[in-house]
Amino acid sequence: MTHRKEKKKSAMKGDTQKIKETHTVQERREKTRLWSSFDGLTVNSAEEEQPEKDDIHELPSLINLTVQRYQGETCEGQFHGEGLACFEGGHLYKGMFAKGLMDGRGVFTWAGGVKYEGEFVCNQPLGEGTYTWPNGSSYKGEVYYGIRHGTGTYKCATNSVSYIGQWEQGKRHGKGEVYYDWEKRSWYKGDWVKNNREGCGVRCYPSGNMYSGEWKNNLRHGEGKMRWTKLGEEYVGMWQNGIQHGQGTHIWILRRADGSQYTQSNQYTGDFVQGQRYGQGTFKYAGGAIYEGEWRDNKKHGKGKFTYKDGRVFEGEFVNDEMMTDIVNGKRAPTPFCGPSPLPGSDSSTLGPDMALNIHCVLDKIPERNSEAERGQVEFVVLRLATELRSVYSFYSRLGQAHSADNTFLLTRLQLWRLLKDCYIHHQGITLTQIDYFIRDSTALGPHSPFTPILLHGLLSCLVVVAYHIYHKEMMSQKNLLAACFSKLMTDNILPNAKTVKGFLFRQADCAVVALNYFQKCFEIYQAYCKVFAAPRDEQTMTCRHLLWMFKDLHLLDNNLTVGKLLEIITSESNDPNNYSSCLDLEITFLEFFEVLLGSAEVKCQQVSVGLEEGGQSLLSPDTEARRDPRLEAGEKMTGKPPESSAAEEAESQPDAKTEVNSKLPSADEQRSEKGKGMQTRRVEDKGHEQELWRQTVHQFFNHFFFPAYEHDLLVCKNMKEEKLCKEY
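Residues numbered from 1 in each chain as written. Predicted model: local features only at pLDDT ≥ 70, side-chain atom pairs only at ≥ 80, totals over all residues. Heavy atoms only, no water.

Chemist: What am I meant to see in the nonpolar core here?
Modeler: Note that soluble globular proteins tend to have their nonpolar side chains buried in a common cluster. In terms of nonpolar packing, the biggest core is built from 153 residues, with Phe486, Met550, Phe593, Phe594, Leu597, Phe702 and Phe706 touching the most fellow members. If you tally residues by element for this core, the top one is helix 9 (residues 456–471), at 12 residues. (Core = buried A, V, L, I, M, F, W, Y, C linked by side-chain atoms within 4.5 Å. Buried < 20%, exposed > 50% of the residue type's maximum accessible area, 1.4 Å probe, protein only. Helix = DSSP H or I, 4+ residues; strand = E, 2+ residues; numbered from the N terminus.)

Chemist: It is not clear to me how unusual backbone geometry should be interpreted in this structure. Could you clarify?
Modeler: A negative phi angle is the norm for most residues apart from glycine, just as the trans form is the norm for most peptide bonds. A positive phi angle is found at Cys122, which is not glycine, with a value near 50 degrees. Take Cys122: it is sitting in the loop between strand 6 (115–121) and strand 7 (124–132). In this structure, Asn123 is a non-glycine residue whose phi angle is positive, near 75 degrees. Within the secondary structure, Asn123 sits in the loop between strand 6 and strand 7.

Chemist: Teacher, can you tell me more about the pairing of strand 16 (residues 233–240) here?
Modeler: Each regular strand displays side chains that alternate between the two surfaces of the sheet. Pairing analysis gives 7 bridges linking strand 15 (residues 219–228) to strand 16, with the strands arranged antiparallel. By the bridge assignment, Arg227 is partnered in strand 16 with Glu234. Linking two consecutive strands that pair antiparallel, namely strand 16 and strand 17 (residues 243–253), is a turn of 2 residues; a positive phi of about 55 degrees is found at Asn241 within it. (Pairing = 2+ DSSP bridges.)

Chemist: For this particular structure, what's the right way to read the pairing of strand 15?
Modeler: Two elements, strand 14 (residues 210–216) and strand 15, share 6 bridges in a ladder whose sense is antiparallel. Along strand 15, the bridge assignment pairs Ser212 with Lys225. The antiparallel hairpin formed by strand 14 and strand 15 contains 2 residues in its connecting segment, where Asn217 sits at a positive phi of about 55 degrees.

Chemist: Explain the environment of Val193 here, please?
Modeler: Looking at where Val193 falls in the secondary structure, it is placed in strand 12 (residues 187–193). Here the alpha-carbon distance between Val193 and Gly174, two residues 19 residues apart in the chain, equals 6.4 Å.

Chemist: Is there a simple way to explain the pattern of salt bridges in this structure?
Modeler: Pairing between side chains of opposite charge can happen when the charged atoms of each approach one another. Scanning all chains against the criterion turns up 20 salt bridges. In this structure, the salt-bridge partner of Lys421 is Glu592, at a minimum N-O distance of 3.6 Å. On the criterion of sequence distance, the pair formed by Lys421 in helix 7 (residues 413–422) and Glu592 in helix 15 (residues 590–604) is long-range, its members being 171 residues apart. Judged by its relative accessible area of 7%, Lys421 falls in the buried class. Residues Lys565 and Glu568 are paired through a salt bridge, measuring 3.5 Å at the closest nitrogen-oxygen approach. With Lys565 and Glu568 both in helix 14 (residues 563–570) and 3 residues apart, this pair spans about one turn of that helix. For Lys565, a relative accessible area of 32% corresponds to the partly exposed category. Using a relative accessible area of 40% as the deciding quantity, one classes Glu568 as partly exposed. Here the residues in one salt-bridge network are Arg418, Lys421, Asp422, Glu573, Glu592 and Glu595, joined through shared partners. (Salt bridge = Lys/Arg side-chain N within 4 Å of Asp/Glu carboxyl O.)

Chemist: What am I meant to see in the packing of aromatic side chains here?
Modeler: Aromatic ring pairs are described here by two measures, namely the spacing of the ring centres and the angle between the planes. Taken as a whole, this structure holds 55 aromatic pairs when the rule is applied. Aromatic side chains Tyr70 and Phe79 sit 4.0 Å apart centroid to centroid with 15 degrees between the ring planes, which places their arrangement in the stacked category. A relative accessible area of 18% places Tyr70 in the buried class. Its relative accessible area of 7% is what places Phe79 among the buried residues. Ring centres of Phe706 and Phe707 lie 5.8 Å apart, and the angle between their planes is 45 degrees; this geometry places the pair in the tilted category. When sorted by exposure, Phe706 lands in the same class as Phe707, which is buried. The ring of Tyr211 is capped by Arg220, whose NZ or CZ atom sits 5.8 Å from the centre of that ring. Positioned over the ring face of Tyr471 is Lys488, at 5.3 Å from the centre of the ring. (Phe/Tyr/Trp six-rings, centres within 6.5 Å; stacked < 30°, edge-to-face > 60°. Lys NZ or Arg CZ within 6 Å of the ring centre and 35° of its normal.)

Chemist: Got a minute to help me understand helix 5 (residues 368–384) in this structure?
Modeler: Think of an α-helix as turning once every 3.6 residues; residues three or four places apart then point the same way. Over its 17 residues, helix 5 runs 25 Å from end to end, which matches the ideal 24 Å to within 8%, given 1.5 Å per residue. Taken as a whole, helix 5 has its buried residues at Ser371, Glu374, Arg375, Gly376, Gln377, Val378, Glu379, Phe380, Val381, Val382 and Leu383. (Expected span 1.5 Å × (residues − 1).)

Chemist: Help me understand the confidence of the model for the protein chain in this model?
Modeler: Detailed reading of the predicted coordinates is not advisable wherever pLDDT falls low. Of all residues in the protein chain, 71% have pLDDT values of 70 or greater, and the mean over the chain is 76. Scored below 50 in pLDDT, residues 326–331 makes 5 contacts in the model with residues more than four places away or belonging to other chains. (pLDDT = per-residue confidence, 0-100. Contact = heavy atoms within 4.5 Å.)

Chemist: Sorry if this is basic, but what is going on with the side chain of Asn135 here?
Modeler: Of note, Asn135 is situated in the loop between strand 7 and strand 8 (138–144). The class of Asn135 is buried, set by a relative accessible area of 12%. In this structure the side chain of Asn135 is engaged in a polar contact, spanning 3.0 Å, whose partner is the backbone nitrogen of Ser137. (Polar contact = N/O pair within 3.5 Å; in protein donor to acceptor, adjacent residues only side chain to side chain.)

Chemist: Hey, could you run me through helix 10 (residues 481–497) in this one?
Modeler: For helix 10, which comprises 17 residues, the first-to-last C-alpha distance of 23 Å matches the rise-based estimate of 24 Å (1.5 Å per residue) to within 8%. Taking the largest bend as the criterion, helix 10 deviates by roughly 40 degrees, centred on Met490. For helix 10, the secondary structure elements touched by its buried residues are helix 4 (360–363), helix 5, helix 6 (386–397), helix 7 and helix 9. (Bend = angle between axes of the 7 residues up to and from the residue.)

Chemist: Whenever I open this one, the packing of helix 6 against helix 9 confuses me. Can you help?
Modeler: Helix-helix packing: each pair is described by the crossing angle between the helix axes and the interaxial distance. Contact geometry of helix 6 with helix 9 gives a least axis separation of 11 Å together with a crossing angle of 110 degrees. When the axes of helix 6 and helix 9 are compared, the pair comes out roughly perpendicular. Between helix 6 and helix 9 the crossing geometry is right-handed. Between helix 6 and helix 9, the contacting residues are Leu389, Arg390 and Tyr393 on the first element and Leu456, Leu459, Leu460 and Leu463 on the second. Counted by class, the contact of helix 6 with helix 9 contains 6 nonpolar, no polar and 1 charged residues. (Axes fitted to C-alpha atoms, helices over the stretch in contact; angles between N-to-C directions. Parallel < 35°, antiparallel > 145°, perpendicular 65-115°, else oblique. Left-handed = near helix turned anticlockwise from the far one by under 90°. Nonpolar A, V, L, I, M, F, W, Y, C, P; charged D, E, K, R; others polar.)

Chemist: Which parts of the structure should I look at to understand a positive patch on the surface?
Modeler: Positive charge collects at one region of the surface, where Lys140, Lys155, Lys184 and Lys189 lie side by side. Mapping Lys140 onto the fold places it in strand 8. (Patch = residues over 30% accessible without salt bridge, like charges linked within 9 Å, V, L, I, M, F, W, Y side chains within 5 Å. Areas by Shrake-Rupley, 256 points an atom, 1.4 Å probe, with all protein chains shown as cover. Lys, Arg positive; Asp, Glu negative; His and termini not counted. Charge placed at Lys NZ, Arg CZ, Asp CG, Glu CD.)

Chemist: What should I look at first to understand the side chain of Asn480 in this one?
Modeler: The topology assignment puts Asn480 in the loop between helix 9 and helix 10. Judged by its relative accessible area of 16%, Asn480 falls in the buried class. What Asn480 contacts, discounting residues up to four positions off in sequence, is Glu322, Glu374 and Gln377.

Shown next as structure tokens:
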């Protein structure tokens with residue numbers, strides 16, 4: 001340490017001599033001026049990975065400090081030894097002096113609260129030191145002429161960013177690690193060049209996605225590997241400015257078949273241009289088919305060869321994903337990609353087994369000569385949208401679900417109903433119960449059971465069938481009717497609206513888990529009140545009119561929950577909410593029945609909620625009485641696990657940017673950041689309080705009104721039957 005210190009002193013001998021010459025006898029007696037080439041580093045309060053300003057890393061300018069008061073040791077009229085110096089403007093230094101200069105270990109505190117504690121050499125912070133800001137941010141490490149230079153650790157208290165690694169001239173440069181959140185789930189480890197990610201490094205995103213490879217100017221650039229964890233996709237190859245560009249391989253991993261993890265995948269290897277398949281490439285389908293040839297804008301376009309899974313080969317020209325063949329007069333026309341129609345229950349020619357379509361009910365409505373072409377074209381529309389469709393399936397299969405050890409869930413009919421309503425399918429002149437009949441199968445649970453599991457291929461088949469029934473008249477002039485209908489459904493209904501959850505049941509993840517505790521008992525009541533709908537069909541359903549009669553029979557209507565208010569709840573998601581009469585005779589599914597109950601609970605028990613909010617009293621024992629009722633364990637029936645807390649899946653984020661590390665004094669925004677954190681904490685507490693009020697409101701409605709009223713009605717009916725029998729005998 002002594003040798004290094006002497007070396008630094010020697011290097012600064014010239015500057016020190018100039019500084020000492022400025023000290024006159026009078027200045028040493030009254031006011032001593034100390035020149036220092038460092039200014040206070042400051043913390044930038046910008047959000048994680050926001051672009052940095054160009055001027056934040058400029059070298060600090062000289063500041064002129066005038067000593068007003070000194071207490072401590074002296075030698076030959078100069079500050080020498082341990083002492084305390086107070087400067088004009090409120091700055092303070094406490095530590096070692098040598099020949100009138102700050103030299104050795106000491107603490108310098110700016111008037112604004114920024115503090116440096118560490119080594120000084122001839123008035124310069126030089127060596128090991130620590131900067132601390134009033135808001136709790138800090139830098140600890142090597143300092144050279146008052147700037148970060150060498151190895152050090154920076155922690156920002158306002159935006160949870162921390163950096164550990166090498167610095168050069170105040171900028172991150174060399175090897176380093178940066179963490180973007182307190183939990184250290186979002187991070188980058190690798191090379192830095194002048195404060196930018198550049199070279200080789202690994203980036204883990206908040207979503208769990210991960211990139212490992214080359215970087216340039218904070219963007220993925222060069223050779224690298226990206227994994228999209230939740231989407232089940234992977235890309236290995238070249239990147240340019242953050243986008244797939246050049247040679248590469250993209251893999252779509254099939255997650256499940258029959259409810260388990262699935263190992264097959266679709267795979268493309270070839271050219272990419274600006275994130276799209278463009279140029280020469282080979283696509284290997286999970287079902288066994290292979291395409292080799294030219295691509296444009298993610299579609300097969302140009303010369304190519306398609307090999308079916310049975311070994312048949314087509315080689316020729318492709319246009320917009322369709323193979324072209326010669327017909328009369330030298331004209332060319334598209335030909336479908338499929339061979340003979342697959343047998344029932346088998347997978348399609350181009351789709352893997354987990355996506356095989358079962359659409360015989362609509363193919364039967366199409367002339368037999370066209371059915372083969374129709375199937376092939378709609379399969380390829382499904383394949384183009386496979387990523388989006390898998391994401392929709394994954395999102396809705398998690399609604400209302402508790403934790404899963406392998407992070408896999410099966411969609412149920414209840415969640416399918418919610419997806420269809422979120423996408424306004426019921427506004428197209430078709431009800432959810434009609435859709436149940438269209439996609440009915442041989443399941444023992446019946447066509448309207450909310451517990452029916454639906455695999456990915458079941459969802460895809462349902463959407464194709466629904467698309468045909470909604471749009472076949474409008475799209476009759478299209479050459480590929482099923483593909484045109486399905487494309488319109490996806491463009492107009494599914495893609496713009498999916499994942500925007502509506503209704504009373506799933507709008508809050510934690511509340512949905514609680515509500516599902518009353519699920520089984522309510523389904524039993526729903527089945528009991530269902531009436532036989534006029535049809536040759538023998539399944540029992542319920543209409544909105546029957547639902548009104550049920551509320552009247554159970555005496556659930558009062559000053560809060562009036563007939564008008566109940567009708568508002570029933571029609572809240574209808575195409576014309578103000579036209580009550582138009583929906584009275586429409587059949588409703590159990591989802592619609594259950595959500596009306598939840599909406600009624602909020603209205604009927606609003607006074608209870610207010611009382612709870614004012615008095616802070618809970619009507620429930622911990623974890624609610626409903627969880628102890630074996631009849632209400634719907635969560636276990638749907639998931640195979642006891643109902644626990646549930647978290648909705650977040651959208652994935654992939655953008656890259658930077659985190660700012662400023663070299664100025666703290667801003668006013670930073671000084672207010674602590675107040676902002678306090679406000680955020682209060683908002684979280686308020687949200688938790690609102691959820692607890694909702695839980696108690698629902699408990700009050702079901703356990704104090706709805707279930708007792710139903711039990712009382714059963715008892716009355718039983719007594720009436722017994723009295724009638726007594727009179728007859």
